[in-house]
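# Architecture and fold: a report
Take a look at the letters that make up each chain.
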Amino acid sequence: MKIITVSNIKGGSAKSTTAIHLASALSRRGKTLVIDMDMQADLTDFFLPDSSLDRLEAHNIMTLLLGQSNIEQVIIEKPHMDIIPATLTLAKLVRIVQDPFFLSQQLKRGLEVVKNKYAYVVIDTPGSAKYELTCALSCANLVVIPVTPSKWAIRAVNLLLDEISSAETLFSAKKKTAFLPCLFGTSKKHREILDKLKAIEEIPTLNEIPKSESIKTKTEKHEFLKKDSIPWFAFDLLADEVIKMVDPENGFPFI
């Protein structure tokens, strides 16, 4: 089982969109579990638009982290992939438990139980430096960092890299990381930002996800990308790149 954490502590960085469509592409290659660790719950809304709030509040990522539910109780099985949802109550987590190491161990223990069931796990994370982010970083085989053409892009990337470094120190584990350019156009400004990103030599830059209105529209409508469309192929290529990074020798999905 390989765990891919999608993270950027800047809002509007296409983080949840990337997690959704990357998970969809990976699910065509092996059984995939998607974990929502963002209180905004955009990923949960996409995959579980018809689930009752009572069901989501009873068993979700927060109840797993607090030991109130086991992992089998929080997983919601769907035809395309399985989901561990989040709700707005995740905002209370930092006030209940102030030990990121404990929370991270709870997540790791849960994933250990299902490690033979899934080929891939994709984790969506909050747009800020919270304990949920630390948890998601702690268990990742690869951290994919979506970057959009904003003047704050490089600064936000550097802040996230600091968080990754802190997690590596806390858990004594080096993390693979990769930048994912999203929504870049052909303007001089966009190309300059992309060049700055690629200049960070120690971190590879993946192929771009194109600027596409259909990605935005489909995501907002809770719909998967149209098969064989340009955006569909972009995420399909991303899935292959991710697999190559998490298992460079043969790409075989299971440990």
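So, here is what we can say about the structure in this document. (Residues numbered from 1 in each chain as written. Predicted model: local features only at pLDDT ≥ 70, side-chain atom pairs only at ≥ 80, totals over all residues. Heavy atoms only, no water.)

Taking 1.5 Å of rise per residue, 19 residues should cover 27 Å, and helix 9 (residues 153–171) covers 27 Å from first to last C-alpha, within 8% of that figure. Inspection of helix 9 places Ala153, Ala156, Val157, Leu160, Leu161, Ile164, Ala167, Glu168 and Phe171 among the buried residues, and these make up the whole buried set. Down the axis of helix 9, the sector holding all buried residues measures 140°, keeping them to one side. What points out from helix 9, more than 90 degrees from its buried face, is the exposed set Arg155 and Thr169. (Helix = DSSP H or I, 4+ residues; strand = E, 2+ residues; numbered from the N terminus. Expected span 1.5 Å × (residues − 1). Buried < 20%, exposed > 50% of the residue type's maximum accessible area, 1.4 Å probe, protein only. Arc of directions from axis to C-beta.)

In this section: the layout of surface pockets. Approximately 650 Å³ is the volume attributed to the largest pocket. Together, 31 residues line the largest pocket, and Gly12, Ala14, Lys15, Ser16 and Thr17 are the ones closest to its centre. Residue assignment for the lining of the largest pocket shows that the elements contributing at least two residues are helix 1 (15–27), helix 2 (42–47), strand 6 (176–184) and helix 11 (213–220). Here the residues of the lining of the largest pocket are counted per class, giving 9 nonpolar, 13 polar and 9 charged. (1 Å grid on protein atoms, 1.4 Å probe; cavity = no way out; pocket = protein on both sides within 12 Å on 5 of 7 lines; lining within 4 Å. Points joined across faces, edges and corners; volume = space filled by probe spheres on them. Nonpolar A, V, L, I, M, F, W, Y, C, P; charged D, E, K, R; others polar.)

Its place among the elements puts Arg109 in helix 7 (residues 100–113). Put simply, Arg109 and Ile96 are 13 residues apart on the chain and 20 Å apart in space, counted from C-alpha to C-alpha.

Further remarks concern the pairing of strand 2 (residues 32–36). With respect to burial, strand 2 is a largely interior element, 5 of its 5 residues being buried. Here strand 2 shows no split at all, with Thr32, Val34 and Asp36 on one side and Leu33 and Ile35 on the other all buried. The pairing of strand 2 with strand 3 (residues 82–84) spans 3 bridges and is parallel. Note that in strand 3 the partner of Leu33 across the bridge is Asp82. (Pairing = 2+ DSSP bridges.)

Let's shift gears to the packing of aromatic side chains. Evaluation of the coordinates by the stated rule reveals 4 aromatic pairs. With a centroid separation of 5.0 Å and 80° between ring planes, the pair formed by Phe46 and Phe47 is classed as edge-to-face. Comparing Phe46 with Phe47, the two get one shared label, buried. Measuring from ring centre to ring centre gives 5.5 Å for Phe46 and Phe224, while their planes differ by 80°; the resulting arrangement is edge-to-face. With a gap of 178 residues between them, Phe46 in helix 2 and Phe224 in the loop between helix 11 and helix 12 (230–246) connect regions that are remote in the sequence. The exposure class assigned to Phe224 is partly exposed, which follows from its relative accessible area of 27%. Pairwise contacts between aromatic rings join Phe46, Phe47 and Phe224 into one cluster. (Phe/Tyr/Trp six-rings, centres within 6.5 Å; stacked < 30°, edge-to-face > 60°.)

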